[in-house]
Structure formats: C-alpha cells, structure tokens
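A closer look at the structure
These are the residues of each chain, in order.
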Amino acid sequence: MKFEIVTIFPDFFRGPLDFGIVRKSRESGLIEILVHDLRTFTSDKHRTVDDRPFGGGEGMVLKPEPLFQCVESMDIAPRESRLERTAKESVVLLSPQGQMFTQSLAQELAALDRMVLICGRYEGVDERVAEGLADREISIGDFVLSGGELGAAVIIDTITRLLPGALGNEASAVQESFTAGQKLDADGPDSTCSSGGLLDYPHYTRPAEFRGMAVPEVLMGGNHEQVRGWRRRKALEKTSQYRPDLLNSESLSKEDKKLLADIAAKKKN
Ligand code: SAM
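Residues numbered from 1 in each chain as written. Predicted model: local features only at pLDDT ≥ 70, side-chain atom pairs only at ≥ 80, totals over all residues. Heavy atoms only, no water.

Looking at the site of the ligand
In the vicinity of the ligand, 19 residues are found, and the nearest of them are L94, Q97, E123, F143 and L145. Within the backbone of G120, a nitrogen or oxygen atom sits 2.9 Å from an oxygen atom of the ligand. Between a nitrogen atom of the ligand and a main-chain N or O atom of F143, the distance comes to 2.8 Å. When the ligand sits alone it has 580 Å² of accessible area, and the protein chains cover 85% of it. With respect to the detected pockets, the ligand is housed in the largest pocket. (Near = heavy atom within 4 Å. Polar contact = N/O pair within 3.5 Å; in protein donor to acceptor, adjacent residues only side chain to side chain. Areas by Shrake-Rupley, 256 points an atom, 1.4 Å probe, with all protein chains shown as cover. 1 Å grid on protein atoms, 1.4 Å probe; cavity = no way out; pocket = protein on both sides within 12 Å on 5 of 7 lines; lining within 4 Å. Sits in = over half its atoms within 2 Å of the grid points.)

Written out as structure tokens, the structure reads:
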C-alpha cells in the first residue's frame, strides 16, 4: 500500500515512521511512504501556503491552490472518477470535524492500494479542499492538535499493522481491542479470546511476582479453558469500566451476559 503525505513540515516524519512494524513494512516493500513538501507547490518567492480568513477571525488558513496542485501532480484520478471507481485510492483530509478514525474504519481503509493524507495547520484548511479535492475527512479523536501530521502517522501505523504480512503472527491483529466481527461460539468467545469488539484483556509476563504484585494464578495453571474464561471476564470488566459504549449486546454471548451481570452485582457490593 502506498501512503502519500502532504505537509508543510516534511521533516516531521523523520522518526515516527522509521521504527518497528512500520519500518519493517517499508523495508519489505509492503508499504511505501512518500512525503510531499507543500511549499514546493507554491508560486511566489515567499512560498506562501496560508492566508487570512475571509470574514475575519483568528489565525491563518491553508490556501487551496498549493494543495490542489500538489495532489494533482500525483498520478491520481480526479475526485469525481475516484469516487465512482472501485475505491482503491483515497484522498483524506485530516480534520477534527471529520469521521472518527476507529479500528473498523482502519480495516476498511486497509483495502486501499493508495492513500493521500493532507495535513492541515493553523486554523485549518480552505473548505474547498474538503469540497473538491478530498474524498473524506478523518478525525483521530475529539481533541484539537496543532496539525494533521500526528494524525497521519497514527493512521499509517494503524493501517500498516492490519496488512497481511506486517505482523509476525497474523492472529495478533484479530485478538486486539476494538476488533469486531470475530465469530463467537454459541456460548462463549472463540478459543483465541478474540476481543469481539471489546477492549483487550490484561497481559502479563515474567517475573511471576513483581514488587508485591503477583500474576493471576489462573494464567500459570495451564488450563486453557480457565485462561479463556478469565481473559473474557477481564476484557468485559475493563470495557464496562472504561468504555461501556462498546458493550453492544448483539456481539455478546450468553456467557458474556452472565459475566456482565456478575461484574455489575460485584460493583454494587
Ligand atoms: N480550527 C480547527 C477546529 O477548531 O476544528 C482546528 C484546526 S487545527 C489547530 C489544525 C489542523 O490540525 C487541522 O486542519 C487538522 O489537519 C489537524 N487536526 C487537529 N486536530 C485533529 C484531529 N483531532 N484529527 C485530525 N486532524 C486534526
């Protein structure tokens, strides 16, 4: 998959995309990342990329011309035909006003061959970029960053680890927090303890005891069924504590519902 980043700070990406799975995926050719310096697409001697907002107000706004020129310089289909085609390419504008980036959106986007990520700065980006250049606006959360660069790095990292061949163990990506759509048994989650859209269960490694904190015995007993049950219960506990919005009853098994009732009863006492 090819990622193309449009930014006024190309050096920002020296580092965040040079480690771990993303680095290995670049080296193996699984992904390619190109960074485009927006100032290269200006035509004045000051290489101006921003201007004051019409109507007044604080701050500066990224001008449309360099952004259109930059994206149009890439060998990418014009917006209208891009939207009609098999959706193998997408131009994304990073924006706090966009669609929320979630694991399921990452899974959808991982099917693309190519993604262009436009990083805003200042007060934002001239709206005509959203109207006439980008296919979609994506937000990485309900907070305001200084620029889209961190968002682009988050999106690239998340999507890369979903690409077949990126992780050493393919099962890792399906057992994680938020990963919905896993098939559950009639009366319990499958033997991999896949999250089924919940938060992940807690993990422990050696030593078995650290500063008075012991690893739960059940994890060391070798009984896989008990381990599975314990993990599911912990995933449900964490999810009901921090993200009750993820407890969608359709993806819960009978066993999950019983565990949740038990967790709620214990909370009350
Ligand atoms: N005035 C804008 C608002 O209130 O929504 C905020 C602009 S922000 C300071 C500058 C740029 O950072 C945005 O154009 C966008 O590209 C990026 N950005 C900020 N927060 C973001 C978020 N939560 N998700 C994605 N991009 C974000």
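Resuming the write-up.
Thoughts on the packing of aromatic side chains
Taken as a whole and judged by the stated rule, the model has 2 aromatic pairs. On the basis of an interplanar angle of 50 degrees and a centroid distance of 6.5 Å, the ring pair of Y204 and W230 is categorised as tilted. Here the residue Y204 occupies a position in the loop between α6 (149-160) and β8 (209-210), and W230 occupies one in helix α7 (residues 224-242), the gap between them amounting to 26 residues. The exposure class of Y204 is partly exposed, given its relative accessible area of 43%. (Phe/Tyr/Trp six-rings, centres within 6.5 Å; stacked < 30°, edge-to-face > 60°. Helix = DSSP H or I, 4+ residues; strand = E, 2+ residues; numbered from the N terminus. Buried < 20%, exposed > 50% of the residue type's maximum accessible area, 1.4 Å probe, protein only.)

Brief notes about the domain arrangement of the protein chain
Each assigned domain of the protein chain is listed here: domain 1 (2-160) and domain 2 (177-268). Between the C-alpha centres of domain 1 and domain 2 the distance comes to 37 Å. (Domains from an automatic or database assignment.)

Observations concerning the sheet that holds strand β5 (residues 89-100)
Strand order in the open sheet formed by 5 strands is β2-β1-β6-β5-β7, and the pairing between neighbours is parallel. On the outer flanks of this sheet lie β2 (32-37) and β7 (136-139), each paired with one strand and no other. Mean inter-strand twist for the sheet, computed between neighbouring axes without regard to direction, equals 30 degrees. (Pairing = 2+ DSSP bridges. Axes fitted to C-alpha atoms, helices over the stretch in contact; angles between N-to-C directions.)

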